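For reference, the chains in residue letters:
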Amino acid sequence: MEEKRSFFHIQFEMLPKSVEIFPFHLYVYNQVNNSYSPYLYGNSPLIEEKKSFLKYIISKGAILAIPINQKRTFLNVCGLSESDIPDLARPKIHKLQIERDQYIKELEASPLPPLNFAKEINDAINRNCFLPLIERVRKEVLTFKVTISHTVSLARYFARQLLIDDNNINRTVALTYLFAKQNNIDGYEPLSDIICSTFLHHIGVTQLDRAMILRPEVECHGQEKSDFQKHPGLAQHLIKKCKLELSSSSIDTILDHHERSSGSGYPYQKMERAIHPASLILGSISHIIDYASGRITGSKYNINDVLKKIQNHSIDAGLEFDFGDTISKNIENISRFTDELKRAA
Amino acid sequence: MSTPEKIRRDDTHSKDFKDQLNQTSKLKLAEEEDTSDNDVIGPDSKGFEHLIPILNMYLNKEVNNENILLFTMKQIYQHYNGVAVILSYNNTTNDFAEEVVGHNVLQTEKKWEDEFNTHIEDWKRATLPTWSDSSFQASSNQFVYPFMEGANKIGVGIVFFYSKLEEKNSNQIEVLLESSRGILLEKSHNLGTKGKYLGTSSKNKKDNEKKEGFFATLFGKLKAS
């Protein structure tokens, strides 16, 4: 936190030349030991010897300073205003802060309507267009504070640069973010961890044979399967190698996104409590999107059909996982809404 | 209907899930309140925002390898003004094959043939990423990034900078080039070579087992006699 300042710096030329006795104290700032020492107390004459010595120590790097509680007196006597003194000028507002303030203003002018989770996800699935959800997440993330941590700033940056079109990575980011919020994960840092880890969770596959990556996952066995299972570790390796500053919980989420509640996941076969909820959410959403896009079985599916299969505890290849009770409940809510829509039609 | 065991497990999970969430959220909110408004933290993405669109293409079956490499090359040119060349390497013939050559696509003044003939032997020898001017003070620079799979060379990425490059961008060039590894691995595996760290192929494994069996039998017999 920034300390409240006790002094402000001035230049020697700012002192009135016609006056020899000042109603304020003069201090000298020593840059070497970062300290302020009294040089001339108020109502004492600035005689020629003192003046020449002051000039000498200023030439050696000392800085003249006035106590902040005598600011008004100093300005009156010298006939100056705050803007004339560079040290009193307001610090420039960072462009990221200006940008954030602008987004907040825009959102205040036209606030986002409250999210009807099941309905809006259903609409996106049925129209096969996730752009409104992606755009919503982008707007929300752009209002995140820029003063918290590097991961939060990075999440904002990724959202601004990348959440602009409808593709599988952006779908996964938007759905994971909304699912996380639905499951009471809140606060800038936890949500930013999720945004960053979702963008980067599959980055490790660029380090593996592309022909193998494009083959349906259920057709990979033996060595190929074990190679594929290296991708969370490779993502972590790539992030560390490139010195990308990410929170440890974000890195853990990436590493654990294939862990499953039942202990059937990888790389560490973690179970239930040992897996962070964010990893379970990311793992389930990523798997649903991958399954629907055909990356798991080679056949494309409507996301609603995938959700239905999970809800019915289908034992189809590639869906034999336990995503955990809480995530299953969310999926159930969306599926129930779909059924209601169908009945209404 | 759920079995008693199922109910117990689900309840435990649900409670754990909520406990963990509450703890995390409380901790994070407390940290957020302590932060001053004045210290803006600018993001240093290390170029990952350029890698994510490449990943998107990478996972899309309809996009072929050539287009991904071309896109990578264009990203390097657009953001860092570097002319990238990616070559795959055939370990059997010790030859490079051109995958993407920035000089030809961008039609630069410098001719690819000249660069190739001047540096080919250096690229063959390279086993570590190298900058021709590691102080980043020179008016031109060249980054050579050999792609290795275990001890095998599978390719090399070279980025030519014909103007000064800032040192802070050097990591980002490496990140972008790294995205070509999967494609070079595919090429290398298609040529029948596979490095150690991804394990031996099932065919080689069988051969090794056979050899072990033969020697084991031989020494076994000698020992017995």
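Computed from a prediction, not measured in an experiment: that's the story for all the values here.

Enquirer: Looking at this model, I keep getting lost on the pairing of strand 2 (residues 26-30) of chain A. Mind explaining?
Expert: For a regular strand, the rule is simple: side chains alternate between the two faces of the sheet. All names here are of chain A. The buried fraction of strand 2 is high, at four of five residues. In this sheet, strand 3 (residues 35-40) lies alongside strand 2 in antiparallel orientation, the contact comprising five bridges. Bridge pairing in strand 3 links Tyr29 to Tyr36. Between strand 2 and the antiparallel strand that follows it, strand 3, lie four residues; Asn34 among them carries a positive phi value of about 55 degrees. As defined by bridge partners, strand 2 adjoins strand 4 (residues 63-67) across three bridges and the pair is classed as antiparallel. Across the sheet, residue Val28 finds its bridge partner in strand 4, namely Leu64.

Enquirer: Got a minute to help me understand the environment of Ser163 of chain B in this structure?
Expert: Residue and element names in this part refer to chain B. Considering the arrangement of structural elements, one finds Ser163 in the loop between strand 5 (152-161) and helix 6 (170-178). Separated by 101 residues in the primary sequence, Ser163 and Glu62 have C-alpha atoms spaced 36 Å apart. Setting aside its immediate chain neighbours within four residues, Ser163 contacts Asn81, Ser139 and Ser140.

Enquirer: Please clarify how the sheet that holds strand 3 (residues 130-131) of chain B should be interpreted in this entry.
Expert: Residues and elements named next belong to chain B. Spatially, the five strands line up as an open sheet ordered 2-1-5-4-3, and their pairing is antiparallel. Lying at the two open borders of the sheet, with one neighbouring strand each, are strand 2 (95-101) and strand 3. In terms of strand pairing, strand 1 (residues 82-90) meets strand 2 through six bridges, oriented antiparallel. Bridging from a neighbouring strand, Tyr89 pairs with Phe96 of strand 2. Taken strand by strand, helix 3 (residues 65-80) contacts strand 1, strand 2 and strand 5, and its axis lies near 150 degrees from that of strand 1. Across the sheet, helix 6 touches strand 1, strand 3, strand 4 (141-149) and strand 5, and the angle it forms with strand 4 is around 40 degrees.

Enquirer: Is there a simple way to think about the environment of Ala155 of chain A in this case?
Expert: Residues and elements named next belong to chain A. Along the chain, Ala155 falls in helix 6 (residues 150-162). Ala155 sits 24 residues away from Phe179 along the chain, and the two C-alpha atoms are 17 Å apart. Excluding residues within four positions of it along the chain, Ala155 makes contact with Val141, Ser192, Ile195 and Cys196.

Enquirer: Before we go on, may I ask you to explain the pairing of strand 5 of chain B in this structure?
Expert: Residue and element names in this part refer to chain B. Counting buried positions along strand 5 yields nine of ten residues, so the element is predominantly enclosed. When strand 1 meets strand 5, the two strands line up antiparallel, connected through seven bridges. Bridge assignment links Ala84 to a residue of strand 5, and that residue is Val159. Examined bridge by bridge, strand 4 and strand 5 share nine bridges and lie antiparallel to one another. Within the sheet, the bridge partner assigned to Pro146 lies in strand 5 and is Val156.

Enquirer: It is not clear to me how the side chain of Glu140 of chain A should be interpreted in this structure. Could you clarify?
Expert: Within the secondary structure, Glu140 of chain A is located in helix 5 (residues 131-141). If we skip the residues at most four places from it in the chain, Glu140 of chain A touches Leu112, Tyr177 and Lys181 of chain A.

Enquirer: In this structure, what is going on with unusual backbone geometry? I would like to understand it.
Expert: Residue and element names in this part refer to chain A. Residues Tyr266 and Pro267 are joined by a peptide bond in cis, for which omega reads 10 degrees. Looking at where Pro267 falls in the secondary structure, it is placed in the loop between helix 12 (248-255) and helix 13 (277-293). One non-glycine residue, Asn184, lies in the positive phi region at around 65 degrees. Within the element layout of this structure, Asn184 appears in the loop between helix 7 (168-182) and helix 8 (188-200). Although it is not a glycine, Gln269 sits at a positive phi angle of roughly 50 degrees. For Gln269, the position within the fold is in the loop between helix 12 and helix 13.

Definitions and limits used
Residues numbered from 1 in each chain as written. Chains lettered and ligands numbered in written order. Predicted model: local features only at pLDDT ≥ 70, side-chain atom pairs only at ≥ 80, totals over all residues. Heavy atoms only, no water. Buried < 20%, exposed > 50% of the residue type's maximum accessible area, 1.4 Å probe, protein only. Helix = DSSP H or I, 4+ residues; strand = E, 2+ residues; numbered from the N terminus. Pairing = 2+ DSSP bridges. Contact = heavy atoms within 4.5 Å. Axes fitted to C-alpha atoms, helices over the stretch in contact; angles between N-to-C directions.

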